[in-house]
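# Observations on the three-dimensional arrangement
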Amino acid sequence: GDSHYWCANPVGDPEEKHSEVIFGKEKSSMEEASINCKCSRKTWELAQEKILPNPNGESAIIPGRDDISLHCEDNGNYEVLQCDNEVCWCIHPKSGDVVSKVLPEKLVRFLPCFDRMTISGDDKFGSQYARKCESRKLGISRTKKFLKERGTIWNIDNIDCEPTGGFSKIQCAKSLCKCVSKEGRLIESYQFAFSNEYPENACNCAREIEYELTYEQCDAFGNFRDFKANSYGGKLEYCVDPTDNFRVSGQVKGRTNDLACCLDSDVYPQSWLFDNSDKRFKQSFSCRKYIETSEDVGTCDKGPQCTSDIKT
């Protein structure tokens, strides 16, 4: 499949000892990668709840922000023009350093980097900084805060935006969820009933189709199908992570007449890529799971003739 660089949070999971994928991805090529993820990591950091110690020995909880208006490129780098908390400035996209005076948002057009921004297309509001999604989100957030300070609770669904200022890939209203572009348009026919059953990271594949990062068929939730087959050097089958299309198993030879080989980490604790004794790298997959139908007979073949077929 296509290979990419992607952004990850700087903290990681203390139990699994790995970092979670966050916003920002760049397709690899023969040219030097430009991705640095500095904007993506900053927006992630601002959105996290923080616990700070007080001089009296107690701790204060600082809630994560839901009104961040920094703008990131699709690869998680900074855009040259930034506004947040109603002030604006120019930034160096690679270093993240401020390279101008800081002005009130109403005076954003006087910043030297303003003319370098492409203010066009239906995902922006004329010459204003805020894009369609974040303009709505910030309006709702500020109105909620204003009303709460005066004793009124406004119950309204929040709008989810991504760090570019565009719409997040999943938008749900009432009983229906849709996979949408950054401009809020439905991607092909990828939509599904709202429930607690749909995966947290749905619509990843659909969004990549929209921006021509992949040409694969997605599953019902707009994610990558977890079973793959390729024809390089004969038909080989394997499992991938449906959220990012990363291969998570070894490969087995495809069969036409015999029972298909299992692709199930409970049957094959494979060490095809990583040392499985290290919990950080333990693989888990079941795109062709072994299910016993009678004594030692199942829905796929878990015999030694299959384990020997696994390729590195």
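Residues numbered from 1 in each chain as written. Predicted model: local features only at pLDDT ≥ 70, side-chain atom pairs only at ≥ 80, totals over all residues. Heavy atoms only, no water.

## Some details on the pairing of strand S9 (residues 176–180)
Alignment of strand S8 (residues 170–173) against S9, held across 4 bridges, turns out to be antiparallel. Pairing of Ala173 across the sheet is with Leu176, part of S9. Counted between consecutive antiparallel strands, the loop separating S8 from S9 contains 2 residues, among which Lys174 sits at a positive phi close to 55°. Between the end of S9 and the start of strand S10 (residues 186–193), which pair antiparallel, lie 5 residues, with Gly184 showing a positive phi angle near 90°. (Pairing = 2+ DSSP bridges. Helix = DSSP H or I, 4+ residues; strand = E, 2+ residues; numbered from the N terminus.)

## Considerations on the sheet that holds strand S7 (residues 103–104)
Across the sheet, which stays open at both edges, the 3 strands sit in the order S5-S6-S7 with antiparallel pairing between neighbours. Both edges of this open sheet fall to strand S5 (81–84) and S7, since each of them pairs with a single strand only. Direction of pairing for strand S6 (residues 87–90) relative to S7: antiparallel, over a ladder of 2 bridges. Residue pairing in the sheet places Val87 in a bridge with Pro104 of S7.

## Digging into the sheet that holds strand S12 (residues 236–239)
Judged by pairing direction, the sheet is antiparallel, and its 3 strands sit side by side in the order S11-S12-S13 without closing on themselves. Both outer strands of the open sheet, strand S11 (227–230) and strand S13 (252–253), are each paired with one neighbouring strand and no more. Two strands pair when backbone bridges link them, and S12 and S13 are joined in this way by 2 bridges, in the antiparallel orientation. Note on S13: the bridge partner recorded for Leu236 is Lys253.

## Brief notes about the pattern of salt bridges
Throughout the structure, instances matching the rule amount to 16 salt bridges. The closest approach of N and O atoms between Glu208 and Lys25, which form a salt bridge, is 2.3 Å. Here Glu208, found in helix H3 (residues 204–210), pairs with Lys25, found in strand S2 (residues 21–27); they are 183 residues apart in sequence, far enough to count as distant. With its nearest N and O atoms 3.6 Å apart, the salt bridge here joins Arg185 to Glu210. Note that Arg185 is positioned in the loop between S9 and S10 and Glu210 in helix H3, a separation of 25 residues in sequence. Linked by salt bridges that have partners in common, Arg65, Asp67 and Asp84 make up one network. (Salt bridge = Lys/Arg side-chain N within 4 Å of Asp/Glu carboxyl O.)

## Let's talk about helix H1 (residues 38–47)
For H1, the set of buried residues is Cys39, Ser40, Thr43, Trp44 and Leu46. Around the axis of H1, the buried residues are gathered within 165° of arc, so they sit on the same side. (Buried < 20%, exposed > 50% of the residue type's maximum accessible area, 1.4 Å probe, protein only. Arc of directions from axis to C-beta.)

## A word on the nonpolar core
Membership of the largest hydrophobic core comes to 14 residues, with the highest contact counts inside it found for Ile170, Cys179, Tyr190, Phe192, Tyr198, Ala202 and Cys203. At the level of secondary structure, the elements contributing two or more residues to this core comprise S9, S10 and H3. In this structure, Phe192 is in contact with Ser175, Leu176, Cys177, Cys179, Tyr198, Ala202, Cys203, Ala220 and Phe221, ignoring residues within four places of it in sequence. Residues Val248, Val252, Cys262 and Cys287 belong to the second largest nonpolar core, which totals 12 residues. (Core = buried A, V, L, I, M, F, W, Y, C linked by side-chain atoms within 4.5 Å. Contact = heavy atoms within 4.5 Å.)

## Side note on the side chain of Thr164
Examined against the element boundaries, Thr164 turns out to sit in the loop between helix H2 (132–148) and S8. Given the relative accessible area of 7%, Thr164 is considered buried. A polar side-chain atom of Thr164 sits 2.9 Å from a polar atom in the side chain of Glu162. In terms of polar contacts, Thr164 uses its side chain to reach the backbone amide nitrogen of Gly166, at 3.1 Å. Not counting residues within four places of it along the chain, the set of residues in contact with Thr164 comprises Phe23, His71, Cys72, Glu73, Asp74, Arg131 and Lys182. (Polar contact = N/O pair within 3.5 Å; in protein donor to acceptor, adjacent residues only side chain to side chain.)

## A word on the state of the cysteines
Enumeration over the complete set of coordinates arrives at 10 disulfides. In this model Cys90 forms its disulfide with Cys113; the gap between the sulfur atoms is 2.1 Å. Between Cys90 and Cys113, the S-S dihedral sits near -90°, and the bridge is therefore left-handed. Of this pair, Cys90 sits in strand S6 while Cys113 is found in the loop between S7 and H2, placing the two residues 23 residues apart along the sequence. Residues Cys90 and Cys113 agree in their burial class; the two are buried. (Disulfide = S-S within 2.5 Å.)

## Overview of the packing of aromatic side chains
If you walk through the whole model with that rule in mind, you get 2 aromatic pairs. A centroid spacing of 5.1 Å and a plane angle of 75° characterise the contact between Phe192 and Phe221, whose relative ring orientation is edge-to-face. With Phe192 in strand S10 and Phe221 in the loop between H3 and S11, this residue pair connects regions lying 29 residues apart in the sequence. A cation over an aromatic ring shows up here: Arg150 above the ring of Phe146, its NZ or CZ 3.7 Å from the ring centre. (Phe/Tyr/Trp six-rings, centres within 6.5 Å; stacked < 30°, edge-to-face > 60°. Lys NZ or Arg CZ within 6 Å of the ring centre and 35° of its normal.)

## Notes on the pairing of S5
Taking every second residue as pointing to the same face, both faces of S5 are buried, with Leu81 and Cys83 on one and Gln82 and Asp84 on the other. Where S5 lies against S6, 4 bridges are found, and the strand directions are antiparallel. Paired with Cys83 across the two strands is Cys88, which belongs to S6. Connecting S5 to the antiparallel partner S6 that follows it, the hairpin turn spans 2 residues, and Asn85 within it adopts a positive phi of roughly 55°.

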